[in-house]
Amino acid sequence: MFTKIRKIDSPQYFKQLVSLTDGQIQFKNTCDDVLKRNLSAREKFVAVVGPCSADDVESVTLYCKKLKEIAYKVKDKIIVVIRVYTEKPHSNGEGYNGLVFEGINGINSGIEQCRILMRNCLEIGLPVANELLYPEHYFYFDDLVSYWFVGARSCEDTVIRAIASGADCPVGVKNPTDGNLKKLAQSMFAVGRSKRFLQGGFEVVTNGNKYCHAVLRGYDDGKNFYNNLDDNSINELYRQCSEQGLSLPFIMADLSHANSGKVAAVQLDNALKAVSDKRFGGVMCESYLYSGVSENGCGYSKTDDCLNIEQTEQMLLALYERL
């Protein structure tokens, strides 16, 4: 049974309520173009950096300002994208669900807060990344987000794949939690192809996403975590992509999750490991103002432990020196 709580306003309403200036629109479009071109040209390394969950407008905005200062120091070699994950999945379905659900007046005010946060990041001068978790939410943020990610629990989801196939910006697809790289290659194939489906009361068709790539995030067997940034895993991914008719992929290393065994500091070692292998074109890092986890502390992650901002600067400068 479904119980209706309140009517949610349309994407068009929110795009007028929290609108972008001409300068912000131009900046966002430029970010899209630069990131798309970089997937094939590999002119710069990409670092998607930010909180495990974007939980507070003020804290994440302050974090973005500090991250922008670091990004300026490495800008000639690294494109820094701020990770603004406003929705969070959980293996057992329990836990903090994300800022979009935390509004005073429910999802309506949650969407407004998320748009304000993403607009702040664009104004500060960093492109925005988000996870594509709930298909309908895509249309509330597509004018703000320059990089979408399909998570480990969603990479086999038919509807998520269909929405991702219509995004006109890079889409990173993570391997599933069991580490099956055939499933990852199949997901990339699916996202890259045209889809026809029902959306918003219309029959729609997509072009297929040409900017889809792999994200290796490690895996687990229910008891232990395993890193998959190794040579054997990459070779297996290449083999599976070849079987799907995909060209050698741009690969991003997720430094956290199973690759770090959920220990934030291990991300520093993973970063150096990734940058030493030319097959990796970028990294994703979980980072916030402070280390540790707190349900109520501002600037602390509500979900996974993150690097603090000083450790984040250390990591990005280390990557810069080795590129």
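The structure contained in this document is the topic of the report that follows. (Residues numbered from 1 in each chain as written. Predicted model: local features only at pLDDT ≥ 70, side-chain atom pairs only at ≥ 80, totals over all residues. Heavy atoms only, no water.)

## Some words on the packing of helix 7 (residues 181–191) against helix 8 (residues 231–243)
- Put simply, helix 7 and helix 8 touch, their axes get as near as 9 Å, and they point 45° apart. Viewed along their axes, helix 7 and helix 8 adopt a mutual orientation that is oblique. Classified by chirality, the crossing of helix 8 by helix 7 is right-handed. Contacts between helix 7 and helix 8 involve Leu181, Lys182, Leu184, Ala185 and Met188 on the former and, on the latter, Ser233, Glu236, Leu237, Gln240 and Cys241.
- Of the residues assigned to the contact of helix 7 with helix 8, the class counts are six nonpolar, two polar and two charged. (Axes fitted to C-alpha atoms, helices over the stretch in contact; angles between N-to-C directions. Helix = DSSP H or I, 4+ residues; strand = E, 2+ residues; numbered from the N terminus. Parallel < 35°, antiparallel > 145°, perpendicular 65-115°, else oblique. Left-handed = near helix turned anticlockwise from the far one by under 90°. Contact = heavy atoms within 4.5 Å. Nonpolar A, V, L, I, M, F, W, Y, C, P; charged D, E, K, R; others polar.)

## Some thoughts on the pairing of strand 5 (residues 171–174)
- Here strand 5 shows a buried face lined by Val171 and Val173 and a second buried face lined by Gly172 and Lys174.
- Across three bridges, strand 4 (residues 147–150) lies against strand 5 in parallel orientation. Looking at strand 5, one finds that phenylalanine 149 is bridged to glycine 172.
- Traced from strand 4 through helix 6 (residues 158–164) to strand 5, the parallel crossover comes out right-handed.
- Both strand 5 and strand 8 (residues 212–216) contribute to a ladder of four bridges, which runs parallel. Following the sheet pairing, glycine 172 is matched in strand 8 by histidine 213. (Buried < 20%, exposed > 50% of the residue type's maximum accessible area, 1.4 Å probe, protein only. Pairing = 2+ DSSP bridges. Right-handed = clockwise from strand over helix to strand, strands pointing away.)

## Concerning helix 2 (residues 22–41)
- When the terminal C-alpha atoms of helix 2 are compared, their 28 Å separation across 20 residues agrees well with the 28 Å that a helix rising 1.5 Å per residue should span.
- Those residues of helix 2 lying buried are Gln24, Lys28, Cys31, Asp32, Leu35, Lys36, Asn38 and Leu39. Down the axis of helix 2, the buried set is contained in an arc of 165°. They therefore lie on one face. Residues of helix 2 that are exposed and point over 90 degrees away from its buried face: Asp22, Gln26 and Ser40.
- Looking at the buried side of helix 2, the elements it contacts are strand 1 (45–50), strand 2 (78–83), helix 4 (107–124), strand 4 and strand 8.
- Positive backbone phi, approximately 50°, marks arginine 42, located one or two places after helix 2. (Expected span 1.5 Å × (residues − 1). Arc of directions from axis to C-beta.)

## Concerning the packing of aromatic side chains
- All told, the structure shown has nine aromatic pairs when counted by the stated rule.
- Between tyrosine 147 and phenylalanine 149, the aromatic rings sit 4.8 Å apart at their centres with planes inclined by 10°, giving stacked as the arrangement.
- Judged by relative accessible area, phenylalanine 149 falls into the buried class, the value being 1%.
- Residues tyrosine 219 and tyrosine 226 carry aromatic rings whose centres are separated by 5.2 Å and whose planes lie at 20° to one another, so their mutual orientation is stacked.
- Three or more aromatic residues joined by ring pairs make a cluster, and in this case those are Tyr13, Phe14 and Tyr140.
- Positioned above the aromatic ring of tyrosine 85 is the side chain of arginine 83, whose terminal nitrogen or guanidinium carbon lies 3.8 Å from the ring centre.
- The ring of phenylalanine 189 is capped by arginine 193, whose NZ or CZ atom sits 4.0 Å from the centre of that ring. (Phe/Tyr/Trp six-rings, centres within 6.5 Å; stacked < 30°, edge-to-face > 60°. Lys NZ or Arg CZ within 6 Å of the ring centre and 35° of its normal.)

## Re unusual backbone geometry
- Phi is positive for arginine 42, close to 50°, though the residue is something other than glycine.
- Checked against the element boundaries, arginine 42 lands in the loop between helix 2 and strand 1.
- For histidine 257, which is not glycine, the phi dihedral falls at a positive 50°.
- The residue histidine 257 is located in helix 9 (residues 257–260) in this model.

## Structural notes on the pattern of salt bridges
- Inspection of every chain in the model, using the stated rule, returns 18 salt bridges.
- The closest approach of N and O atoms between glutamate 156 and lysine 183, which form a salt bridge, is 3.9 Å. With glutamate 156 in the loop between strand 4 and helix 6 and lysine 183 in helix 7, this pair connects stretches of sequence that are 27 residues apart.
- Here glutamate 156 falls in the partly exposed class, since its relative accessible area comes to 44%.
- Of the residues examined, lysine 183 reaches a relative accessible area of 23% and is grouped as partly exposed.
- Residues lysine 174 and aspartate 254 are paired through a salt bridge, measuring 2.9 Å at the closest nitrogen-oxygen approach. Of the two residues, lysine 174 is situated in strand 5 and aspartate 254 in strand 11 (residues 251–254); the sequence distance between them amounts to 80 residues. Each member of the pair lysine 174 and aspartate 254 is classed as buried.
- Here the salt bridges do not stand alone but share partners, grouping Asp33, Lys36 and Asp168 into one network. (Salt bridge = Lys/Arg side-chain N within 4 Å of Asp/Glu carboxyl O.)

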